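Next come the chains, spelled out residue by residue.
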Amino acid sequence: MEQKKMQKKAVLTVMALLIATWTAAAAPTGTVIVTSSNTPDNYLRVYDTAGNLIQEVATLGQGGVSSNAGGIATANGTVAVVNFGSLTVSVFSRGAAGFELRQTIPTASQPVSVAFGKSHLYVLGTATVESHTIRPDGIDQTADGIVGLLAADGSAAQVAIAGDELVVSEKSGFLQRVSLRDGAVAGTPVAVELAEGANDTPFGLTTRGSNVYVTFAGSDAVGVVKNGNETAFVATGTPGGSGQHAPCWIAVIGPYLFTTNSPSHSVSRFVAGGANILLDDPVAAQTGGAPIDVAAQGDLLALVESNGGGTAHLTQFRIGNDGTLTQTVSTAIASPANGIAVVRAQ
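Quick summary incoming for the structure in this document. Note that the structure is predicted; figures quoted are calculated from it, not measured. (Residues numbered from 1 in each chain as written. Predicted model: local features only at pLDDT ≥ 70, side-chain atom pairs only at ≥ 80, totals over all residues. Heavy atoms only, no water.)

Some remarks on the overall build of the protein
Summing up its helical and strand segments, the protein has one helix and 29 strands in all. Whereas a compact globule of 346 residues would reach a radius of gyration of roughly 20 Å, the protein reaches 19 Å, a difference of no more than 12%. If you line up the protein on its principal axes, its C-alpha atoms span 60 × 45 × 40 Å. A separation threshold of at least 6 residues defines the contact pool for the protein, and within that pool the share at least 24 residues apart is 47%. One finds the centroid of the 17 positive side-chain charges in the protein at a distance of 8 Å from the centroid of its 25 negative side-chain charges. (Helix = DSSP H or I, 4+ residues; strand = E, 2+ residues; numbered from the N terminus. Rg over C-alpha atoms; globule rule 2.2 N^0.38 Å. Contact = heavy atoms within 4.5 Å. Lys, Arg positive; Asp, Glu negative; His and termini not counted. Charge placed at Lys NZ, Arg CZ, Asp CG, Glu CD.)

Details of the sheet that holds strand S14 (residues 165–170)
Strand order in the open sheet formed by four strands is S13-S14-S15-S16, and the pairing between neighbours is antiparallel. The sheet is open, and its two borders are formed by strand S13 (156–162) and strand S16 (184–191), each paired with just one other strand. Across the sheet, the axes of successive neighbouring strands diverge by a mean angle of 25°, strand direction being ignored. Of the pairings in the sheet, the one linking strand S15 (residues 174–181) to S16 comprises five bridges and is antiparallel in character. Counterpart to Ser 179 in the pairing with S16 is Ala 186. (Pairing = 2+ DSSP bridges. Axes fitted to C-alpha atoms, helices over the stretch in contact; angles between N-to-C directions.)

Focus on the pairing of strand S22 (residues 256–261)
Of all six residues making up S22, six are buried, and the element is well covered by its neighbours. Every second residue of S22 is oriented toward a common face, with Tyr 256, Phe 258 and Thr 260 on one face and Leu 257, Thr 259 and Asn 261 on the other, all of them buried. Where strand S21 (residues 247–253) lies against S22, six bridges are found, and the strand directions are antiparallel. Bridge pairing in S22 links Trp 249 to Thr 260. In this structure, the hairpin formed by S21 and S22 is closed by a connection of two residues, where Gly 254 is found at a positive phi of approximately 60°. As paired elements, S22 and strand S23 (residues 266–273) share six bridges and run antiparallel to each other. (Buried < 20%, exposed > 50% of the residue type's maximum accessible area, 1.4 Å probe, protein only.)

Regarding the packing of aromatic side chains
Counted by the stated rule, this structure contains two aromatic pairs. Lys 171 extends its terminal NZ or CZ atom over the ring of Phe 203, reaching a point 5.6 Å from the ring centre. (Phe/Tyr/Trp six-rings, centres within 6.5 Å; stacked < 30°, edge-to-face > 60°. Lys NZ or Arg CZ within 6 Å of the ring centre and 35° of its normal.)

Observations regarding the pairing of strand S25 (residues 290–297)
The buried count for S25 comes to seven of eight residues, which makes it a mostly enclosed element. As paired strands, S25 and strand S26 (residues 300–308) are joined by seven bridges and run antiparallel to one another. Along S26, the bridge assignment pairs Pro 291 with Glu 305. The antiparallel pairing of S25 with S26 creates a hairpin that spans two residues between the two strands, and Gly 298 there sits at a positive phi of about 60°.

What to know about the environment of Gly 309
Structurally, Gly 309 is set in the loop between S26 and strand S27 (311–319). Considering only alpha carbons, one finds Gly 309 and Pro 336, 27 residues apart in sequence, at a separation of 8.5 Å.

Digging into the pattern of salt bridges
Evaluated as defined, the whole model comprises seven salt bridges. A salt bridge links Arg 177 to Glu 165; its shortest N-O distance comes to 2.9 Å. You can see Arg 177 sitting in strand S15 and its partner Glu 165 sitting in strand S14, a full twelve residues away along the chain. Residues Arg 318 and Asp 299 are paired through a salt bridge, measuring 2.6 Å at the closest nitrogen-oxygen approach. Here Arg 318 is found in strand S27, whereas its partner Asp 299 is found in the loop between S25 and S26, with 19 residues between them in sequence. Beyond isolated ion pairs, a larger network of salt bridges with shared partners links Arg 269, Asp 280 and Asp 281. (Salt bridge = Lys/Arg side-chain N within 4 Å of Asp/Glu carboxyl O.)

Overview of the side chain of Ser 264
Here Ser 264 lies in the loop between S22 and S23. Assessed through its relative accessible area of 18%, Ser 264 is described here as buried. Every residue in contact with Ser 264, bar those within four places of it in the chain, is listed here: Gly 243, Gln 244, His 245 and Gln 286.

Now the structure itself:
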């Protein structure tokens, strides 16, 4: 018992140091937030930090994805968007005049999530995860690796990069590791053994190095996985009882994790220190609609809300040095929305 108390005290000390040494950097001028319309004719929508819609660009694909995370990804000014209905991913580049569609990439199964690595774009589909090499003149149309998922039952939620491997969530119960060989997916996925009571509906993922932070929507919990082992988890509520329910989407910035809890219309804040996690504020913010994806960059946290009837909101918050969230603007969207990313000026 005494040893456990000492371990807990050490963890709290480390997390306190993380918070004390972190400063939220202001989003630079030219930072924009992107989401997709997720309509039959899918569009990339671009908003400034004042909430103004400044550009719409057709993806030349079809939307229709749902219950996913990471439907948009960005790296170095490039943006990838899933087109669920047409089995493609659209790739945009940002120039002086805004975003321009550069290519559409066919996928092996209906795409739900994308992630950029150092040398590859990874695409998670309903039944597969695949890799495409990034080159100076674009991204290869043909995958250099395709791996079938463990369930492959249409419940795929998100793909993320953790160290030298991928992690994939399937909401039917699988959190799985996928090996990389020279950046390409390879082999057979390996299931992560999950703690009883905190393993229902693995959904959203975010990573820091080899640490994977994962939401379990059906368990009202958030866990930490490192090197294939679940090292910690914390509850946001009690399923069917009190608290914040169904944490689905998750973002990390500095020492903080933020989850969006769709049925509770709330955002929860955690402190993440290595392989440990603590619930810092179960209700760091309330939202008007059901929050369905989240992204963070610098001192900016942005999320999309579903408001029913085929409408949505893009809501932005400023992150304080102590992790507090202050809403700055909420913009009505007269259509659905899926995926979100913050793109810094280059």
